[in-house]
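Fold and contact review
Given next are the chains, with one letter for each unit.
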Amino acid sequence: MSDSLVLRASSVRFATPSTRILRLDLDGAVFKYLPGQAANLGLATSAERVPYSIASAPEEALRNGYLEFLIKIEPSGRWGHKFDGLGRGMRIGVQGPWGSFTFPNRPPEQHFLFIAGGTGIAPIRAMLHHMILTRQPGHPRLLFSARTPDEFAYLPELRRMARHGSLELALTATREVGPRWRGERGRIAASRLAQLVNHPETRCFVCGPSSLVNDVPVMLHALGIPRKLITLEEW
């Protein structure tokens, strides 16, 4: 783990009604990490630090000079609700990186399936951008689950990636949807995963609520994916 840094919030943007995209200006500091890893964040005036996945790929951080995080602001018992008043210019303490939920260096597989639930899209976004920026060979698919249609963070960006052929994207909303919703409905089921797993050497990444992280690997293994090819984000 690197030394602790104090970085300035260069921007705070709306992502969904309950999340914001926070960018922290590196201001020339070096912060090396692997795509998918996390860092501990907290107000610089406090000793409290809570883990958040880094949503920007390492190549983006090097090129653009900032780290990006998806912050949940809805009060839920986690430290994230203390970001309710977060604004540009605030100083944030950063410790890290850490975590084994990472995209491997030059994996031999050509088929990739990413399964995200809610804010679990953050480290997966970093992995997808890493694949694009490093020209990683292969065919990535993303199955993204959220409670309602307005809770899909990074959706415009993901749709652009799909239009450009960089990603095959599927969305499913688990709760209320309106008449304009054109995505899928319901929790992720084995029947849906079976449509996305068309090769036994598919490398899979799963990140989201505990129910998703517990259930999806069992279904993937039943579909013939070896456990060694299933990477989980477990906090």
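Note that the coordinates shown come from a computational prediction; the quantities given were computed from them, not determined experimentally.

Here's the deal with unusual backbone geometry
With the exception of glycine, most residues fall at negative phi, and the peptide bonds are largely trans. Following G96, the chain continues into P97 via a peptide bond in cis, with omega recorded as 0°. At R106, a residue that is not glycine, the phi angle is positive and equals roughly 50°. In this fold, R106 is placed in the loop between β6 (91–98) and β7 (111–117). A relative accessible area of 71% means that R106 is categorised as exposed. At R135, a position not held by glycine, the phi torsion is positive, near 55°.

Concerning the packing of aromatic side chains
Evaluated as defined, the whole model comprises 6 aromatic pairs. Pairing F114 with F205 gives two aromatic rings, centres 5.0 Å apart and planes at 10°, and the pair type is stacked. Here the residue F114 occupies a position in strand β7, and F205 occupies one in strand β11 (residues 202–207), the gap between them amounting to 91 residues. Residue F114 shares its accessibility class with F205, and that shared class is buried. Feature note: the residues F101, F103, F112, F114 and F205 constitute an aromatic cluster, connected by ring pairs.

The rules behind these values
- Residues numbered from 1 in each chain as written.
- Predicted model: local features only at pLDDT ≥ 70, side-chain atom pairs only at ≥ 80, totals over all residues.
- Heavy atoms only, no water.
- Helix = DSSP H or I, 4+ residues; strand = E, 2+ residues; numbered from the N terminus.
- Buried < 20%, exposed > 50% of the residue type's maximum accessible area, 1.4 Å probe, protein only.
- Phe/Tyr/Trp six-rings, centres within 6.5 Å; stacked < 30°, edge-to-face > 60°.

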